[in-house]
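# Report on the structure
Okay, here's what each chain looks like letter by letter:
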Amino acid sequence: MESKTAADLVAEAKKNVENLSPDQVEKELSKGATLIDIRESEELKESGKIAGSVHAPRGMLEFLADDTTPYHKPEFDKNKRIILHCAGGGRSAMAANTLKQMGYQNVAHLDGGLKAWKEAGKPLEQ
């Protein structure tokens, strides 16, 4: 089996998932999409968050998204639009790909992550 780098895994994931711009995410949020922030707690404290986003650290994603575990978060609903984001878009692409494997059909991620959101002049809260 060939060895892959993290960049290889991210590139593969981005081919398999819907990659959204900050403007597209903002529009979807206004229609009721759920935004999941998969960054670590320290990252949220350091750089703030997108208003209304739900925190679900990447390391717990599969357990939080699986309604058969005691860790399940109700925001993970396979019948709703789910958009993931991280700091730069790599982790969220891989996480969106994982959710697809778990049966989530209407999942996407913020391409470029919080960095792209900030660069687009979109609002943050502390």
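Note: the structure precedes this text.
Residues numbered from 1 in each chain as written. Predicted model: local features only at pLDDT ≥ 70, side-chain atom pairs only at ≥ 80, totals over all residues. Heavy atoms only, no water.

Glancing now at the pairing of strand S4 (residues 82-85). Alternating positions in S4 separate into two faces, Ile82 and Leu84 on one and Ile83 and His85 on the other, with burial throughout. Where S4 and strand S5 (residues 107-110) come together, 3 bridges link them in parallel fashion. Looking at the pairing, Leu84 lines up with His109 of S5. On the question of chirality, the crossover connecting S4 to the parallel S5 by way of helix H5 (residues 90-101) is right-handed. (Buried < 20%, exposed > 50% of the residue type's maximum accessible area, 1.4 Å probe, protein only. Helix = DSSP H or I, 4+ residues; strand = E, 2+ residues; numbered from the N terminus. Pairing = 2+ DSSP bridges. Right-handed = clockwise from strand over helix to strand, strands pointing away.)

Take the sheet that holds strand S3 (residues 54-55) next. Here 5 strands make up an open sheet; going across it, the order is S1-S5-S4-S2-S3 and the pairing parallel. The open sheet is flanked by strand S1 (18-20) and S3, the only strands paired with a single partner. In this fold H5 packs onto S4 and S5, with an angle of close to 175° to the strand it touches most, S5. (Contact = heavy atoms within 4.5 Å. Axes fitted to C-alpha atoms, helices over the stretch in contact; angles between N-to-C directions.)

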